[in-house]
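Chains, contacts and geometry: an overview
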Amino acid sequence: MSRGFLNIILICVMMISMASCSIRKHIPEDKMILKSNKIIIHSKDIDFDKSDISACLSQSANPNILGFMPATWVYYKTEDKRDKRLYKWINNTMGEKPVYYNDELREQSVSKIIKYLGDIGYFKSSVSNRIKNKRGIGKVYYEIHPSKPYIIDDITYAIKDTTVYRYVMEIADVLPVKKGDIYNAFLLDDERDIITEYLKNNGYYYFTQDYIFMEVDTNYSSRIAKINIRIDDATDPITAQPENHKQYYINNIYIYPNGNINGRFMVDTVAYTFNLNKRLGYQTFNFVFRGDPKIRFKTFDNIIQLQSNNLYELRKVEQTYKALNNLKIFNLNNIDFEPVVTDHDSINLLNCNITLNRSKVNFYSLQLEGTNSSGDLGILGSFTYRNKNIFRGSEIFNISLRAGTQAQSVLDSEGNTNLFNTKEFGVEASIFFPQFVSPIKLRDFAKERQPRTTLTVGYNYQIRPIYTRQIALLTFGYNWMKNNQVQHILTPVTLNSVKVEPTPSFAQILEKETNQRIKDQYTSHLIFGLDYTYIFNNQDVRFLKDFFYFKANIQSSGNLISLLNNTSLVKTIDNYHEIFGIRYAQFARLSLDFRYFKYIIGENQIATRFMIGAGIPYGNSNDMPFEKSFYAGGTNGMRGWAFRELGPGSFNNPQNLNIERIGDIQLEFNLEYRFPIHKFIKGAVFTDIGNIWTTRENETFIGGQFKFDTFYKQLAADAGIGLRLDFSFFLIRLDAATPIVNPAYPEGERWRLSKLQFRDFILNFGIGYPF
């Protein structure tokens, strides 16, 4: 490592030490700043960890980075200058009032820890604590001595209502509390929730957790617990006598597409009947509105999950809410039920009222901005129009017009540089259908999964000094959720056509160019195929809990068109096939993205990602299309290199070519430790390991071919730090990273730590987390 870099590290250590001394000057004599809480567990055979205990602490420590408390230091330095506006702002936004040790909160923490241990079966555990004070900055140590846990020996049920008892027995095998497990009060609460939800999904509209009692009988000497699950009867509101819980059926369903109708006079009520399927028969919705409802009744065929004459199901209510969220013409929707008075005591009915509130239909946006691309100035304008109910079925129509011009420092075919010699015009239109649009009627699938359909078309025309380019886009696909964690995105039609027409002089330059990758960037091509993505994400945004994310994407192109090779639609030129005068691309591409997020203490998190991808050109293609190739470097991966500046393999660009580096294979691993600094300011330290490769030897990228016996030697690595400003609704990120292993150097010289310089750091600015 260079002497300059060692000096930087030494200076940082000295600054931290001096800042700590500076903080001590401001600490009152009778106070102690709480630097950290330390938890020590004197047992390995336990069913909990330190993070569970940390959640019981009543007093959090001052946030610090490597022992330094920057927010506290800022607070002390600016507190006595708050009469000045600047210092007051710094104090309020960047400073944090110090947390002084509180003896009452320490005792409260001990009590909460003991209670928590009892709730998870470790009754009568002991907790000791001690304080370590070093000149006003201290730590509190909590030492946990767990007792032997109580084991559940028997589970019994006391349920007088025989129908309710039958329903509970149906789910007994999936209930979380099991004989032989350690007693856990939190699991007992979960069991109450599961039983309540199951009964509500079987008609018990008025059933609540308050009817369920978990009676626990413990034996101290044998360390066992017996659980008795008691469900009390309901109470008759008139006689106050116990009675069986009532099951309710859905009677009529009323939909109010124009919101609440006060007084409900001078309104229209239309009974809309349609056929669900052969098995379920007909369904009727009653639409109540004043004037024009401005929505087709058929829109709700697969949206409303509830059905008349069926048992009330809480699950169907929740599914209906989710489906209604797909109708963007409505917001703040509400579903409520009211009991129906009948002469039949044996039948209990509920009327369902669905009230929808309309949102604004039309949206317009006009933007005008100046551009500066490597010193070339220009102007860009765009106009966007959106209609949320274009066909009166809550379909969203969106159209964007885009036009711009720029003065590029490039000579035209006559050797002149013209003002604003680059022009661009584009239009893109899309329609979002809140239902499954297909000639095949998959009613059960459409009703249960609530798939959405999107159609997008676009055209872009670019005029450059040395070429013109026309880009056409067409996609048609579906998006649906299997459940709260699994999402499918299927795009059976993907068309992307790029037609490039170089000027005669530039065509001659391309003809002489030996670098095929450069030529490919100015070659017409057509991609026509399908795209499928599978996403699994078990994150619960309500809690700071570990979660896993997985994304798989597969793409193919050219296979359907290849079936037309022997027809008049496809022409063969220079041993390649063209349709409509454009050579079509033929390839298969697979990419996998694994992520795991582990919370350590509080908001401190370890984030990991592993990506692997491969693209195989075949048939009508020798190489992957430029836009479908893999790359490394940039703001979201391999941050020690600039965008598309790493790889492939050990390629070191000896001729200093001005070319973006791409490959057919990608491997990358990212490890990032994220931690809060102060309020909305967060930090990170990270490392990235990976590279890209080509599938075959390439004259452009010498050393870039993937080989099993050498690829691991060509893995690049970087390390860096990051600063993030988290404003909840968006996040601004600044990462600084430097290569520590660079495969572009000869073997034996690829470790760069000993030659590390400040100028080697790459700054990356981004919006949102890198993964």
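Reading the values: rules and limits
- Residues numbered from 1 in each chain as written.
- Predicted model: local features only at pLDDT ≥ 70, side-chain atom pairs only at ≥ 80, totals over all residues.
- Heavy atoms only, no water.
- Pairing = 2+ DSSP bridges.
- Helix = DSSP H or I, 4+ residues; strand = E, 2+ residues; numbered from the N terminus.
- Phe/Tyr/Trp six-rings, centres within 6.5 Å; stacked < 30°, edge-to-face > 60°.
- Buried < 20%, exposed > 50% of the residue type's maximum accessible area, 1.4 Å probe, protein only.
- Contact = heavy atoms within 4.5 Å.
- Salt bridge = Lys/Arg side-chain N within 4 Å of Asp/Glu carboxyl O.
- Axes fitted to C-alpha atoms, helices over the stretch in contact; angles between N-to-C directions.
- Core = buried A, V, L, I, M, F, W, Y, C linked by side-chain atoms within 4.5 Å.
- Left-handed = near helix turned anticlockwise from the far one by under 90°.
- Nonpolar A, V, L, I, M, F, W, Y, C, P; charged D, E, K, R; others polar.
- Arc of directions from axis to C-beta.
- Polar contact = N/O pair within 3.5 Å; in protein donor to acceptor, adjacent residues only side chain to side chain.
- Patch = residues over 30% accessible without salt bridge, like charges linked within 9 Å, V, L, I, M, F, W, Y side chains within 5 Å.
- Areas by Shrake-Rupley, 256 points an atom, 1.4 Å probe, with all protein chains shown as cover.
- Lys, Arg positive; Asp, Glu negative; His and termini not counted.
- Charge placed at Lys NZ, Arg CZ, Asp CG, Glu CD.
- pLDDT = per-residue confidence, 0-100.
- Parallel < 35°, antiparallel > 145°, perpendicular 65-115°, else oblique.

**Some details on the sheet that holds strand E23 (residues 570–573)**
- Taken together, the three strands give an open sheet; going across it, the order is E23-E24-E25, and neighbouring strands pair in antiparallel fashion. One side of each edge strand has no neighbouring strand; the edge strands of this open sheet are E23 and strand E25 (582–583).
- Relative to E25, strand E24 (residues 576–579) runs antiparallel, the two being bridged by two bridges. Each residue of the ladder has a partner; that of Glu 578, found in E25, is Arg 583.

**Focus on the packing of aromatic side chains**
- In this structure the tally under the stated criterion is 47 aromatic pairs.
- Between Phe 436 and Tyr 478, the aromatic rings sit 4.8 Å apart at their centres with planes inclined by 40°, giving tilted as the arrangement. Pair noted here: Phe 436 is in the loop between strand E17 (422–433) and helix H9 (443–449) and Tyr 478 is in strand E19 (residues 467–481), with a separation of 42 residues, a long-range link. Across the pair, exposure class does not vary: Phe 436 and Tyr 478 are buried alike.
- Aromatic pair Tyr 631 and Phe 643: ring centres 4.9 Å apart, planes at 70°, arrangement edge-to-face. Of this pair, Tyr 631 sits in the loop between strand E27 (605–617) and strand E28 (665–678) while Phe 643 sits in the loop between E27 and E28, and the two are 12 residues apart along the sequence.
- Three or more aromatic residues joined by ring pairs make a cluster, and in this case those are Tyr 272, Phe 274, Phe 285, Phe 287, Phe 289, Phe 297, Phe 300 and Phe 330.

**A short note on the environment of Tyr 254**
- Turning to its location among the elements, Tyr 254 is positioned in strand E9 (residues 248–256).
- For the pair Tyr 254 and Cys 352, spaced 98 residues apart in sequence, the C-alpha separation works out to 6.1 Å.
- The contact partners of Tyr 254, leaving out residues within four places of it in the chain, are Asn 286, Val 288, Asn 351, Cys 352, Asn 353 and Ile 354.

**Digging into the pattern of salt bridges**
- This model, assessed by the stated rule, comprises 27 salt bridges.
- One salt bridge connects Lys 298 with Asp 301, and the closest N-O pair in it is separated by 3.5 Å.
- By relative accessible area, Lys 298 is classed as exposed at 52%.
- Residue classification places Asp 301 among the buried residues on the basis of a relative accessible area of 5%.
- Of the charged contacts, one joins Arg 639 and Glu 672 as a salt bridge, the two residues approaching to 2.9 Å between their closest N and O atoms.

**Some details on the environment of Ser 754**
- You can see Ser 754 is positioned in the loop between strand E31 (731–741) and strand E32 (762–767).
- Residue class for Ser 754 comes out partly exposed when judged on its relative accessible area of 44%.

**Quick notes on the sheet that holds strand E13 (residues 348–358)**
- With mixed pairing, the five strands of this open sheet are ordered in space as E10-E11-E9-E13-E12. At either margin of the open sheet sits one strand with a lone partner, and together these are strand E10 (268–277) and strand E12 (330–340). Each neighbouring strand pair of the sheet contributes to a mean axis angle of 30°, computed without reference to strand direction.
- Contacts from helix H8 (residues 314–324) reach E12 and E13 within the one sheet, and its direction differs from that of E12 by about 155°.

**Some thoughts on the nonpolar core**
- With 30 residues, the main nonpolar core has Ile 255, Phe 300, Ile 304, Leu 324, Phe 337 and Ile 354 as its most contacted residues.
- Broken down by secondary-structure element, the contributors of at least two residues to this core are E9, E10, strand E11 (281–289), H8, E12 and E13.
- Ile 159, Tyr 167, Leu 199 and Ile 212 belong to the second largest nonpolar core, which has 22 residues in total.

**Things to note about the packing of helix H6 (residues 162–170) against helix H7 (residues 185–200)**
- At a minimum axis distance of 10 Å, the contact between H6 and H7 shows a crossing angle of 115°. In terms of crossing hand, the pair formed by H6 and H7 is right-handed. Between H6 and H7, the contacting residues are Val 164, Tyr 167, Val 168 and Glu 170 on the first element and Ile 195, Tyr 198 and Leu 199 on the second.
- A breakdown of the residues in the contact of H6 with H7 according to their chemical character gives six nonpolar, no polar and one charged.

**With respect to the pairing of E24**
- Here E23 pairs with E24 via four bridges, running antiparallel. Directly across from Ile 573, in E24, lies its bridge partner Tyr 576.
- The hairpin turn running from E23 into E24, its antiparallel successor, is two residues long, and Asp 574 in that turn takes a positive phi close to 55°.
- Hairpin geometry of E24 and E25 is characterised by an intervening segment of two residues between the two adjacent antiparallel strands and by a positive phi of about 55° at Phe 580.

**Side note on the environment of Glu 660**
- Relative to the helices and strands, Glu 660 resides in the loop between E27 and E28.
- The class of Glu 660 is partly exposed, set by a relative accessible area of 30%.
- Through-space distance from the C-alpha of Glu 660 to that of Glu 197 is 56 Å; in sequence the pair is 463 residues apart.
- Those residues in contact with Glu 660, other than ones at most four positions away along the chain, are Gln 521, Phe 626, Phe 643, Arg 644 and Phe 701.

**Focus on H6**
- Those residues of H6 that fall on the buried side of the exposure criterion are Val 164, Tyr 167 and Val 168. Seen end-on, H6 carries its buried residues on one side only, within an arc spanning 100°.
- If you follow the buried residues of H6, they end up packed against strand E4 (151–159), H7 and strand E6 (224–231).
- You can read the cap of H6 off the contacts: a side-chain oxygen lies 3.1 Å from the backbone nitrogen of Thr 163, and it is on Asp 161.

**What about a positive patch on the surface?**
- Taken together, the side chains of Lys 25, Lys 77, Lys 81 and Lys 84 present a region of like positive charge at the surface.
- On the accessibility criterion, Lys 81 (34% relative accessible area) is partly exposed.

**Remarks on a negative patch on the surface**
- A grouping of Asp 189, Asp 190, Asp 193, Glu 197 and Glu 318 is seen on the molecular surface, where their side chains present a negatively charged patch.
- The element contributing the most residues to the negative patch is H7, with four residues.
- Counting through the fold element by element, Asp 189 comes out in helix H7.

**Overview of the side chain of Arg 589**
- Looking at where Arg 589 falls in the secondary structure, it is placed in strand E26 (residues 587–599).
- Buried and unpaired, Arg 589 has Asp 531 as its nearest opposite-charge partner, separated by 7.1 Å.
- For Arg 589, the side chain forms a polar contact with the main-chain oxygen of Lys 628, separated by 2.7 Å.
- Here Arg 589 is in contact with Asn 553, Ile 554, Gln 555, Ala 614, Gly 615, Met 624, Lys 628, Ser 629 and Phe 630, once residues within four sequence places are set aside.

**Describing the confidence of the model for the protein**
- Here the protein averages 88 in pLDDT, while 93% of its residues score no lower than 70.
- Every residue in residues 1–18 is under pLDDT 50, and counting partners more than four places away or in other chains gives 13 contacts.

**Topic: the packing of helix H3 (residues 70–79) against helix H4 (residues 85–93)**
- Closest axis-to-axis distance for the H3/H4 pair is 9 Å, and the angle between their directions is 155°. Accordingly, the angle class assigned to the pair H3 and H4 is roughly antiparallel. Crossing of H3 against H4: the hand is left-handed. From H3, Val 74, Tyr 75, Thr 78 and Glu 79 reach across to H4, where they touch Tyr 87, Ile 90 and Asn 91.
- Split into classes, the residues belonging to the contact of H3 with H4 amount to four nonpolar, two polar and one charged.

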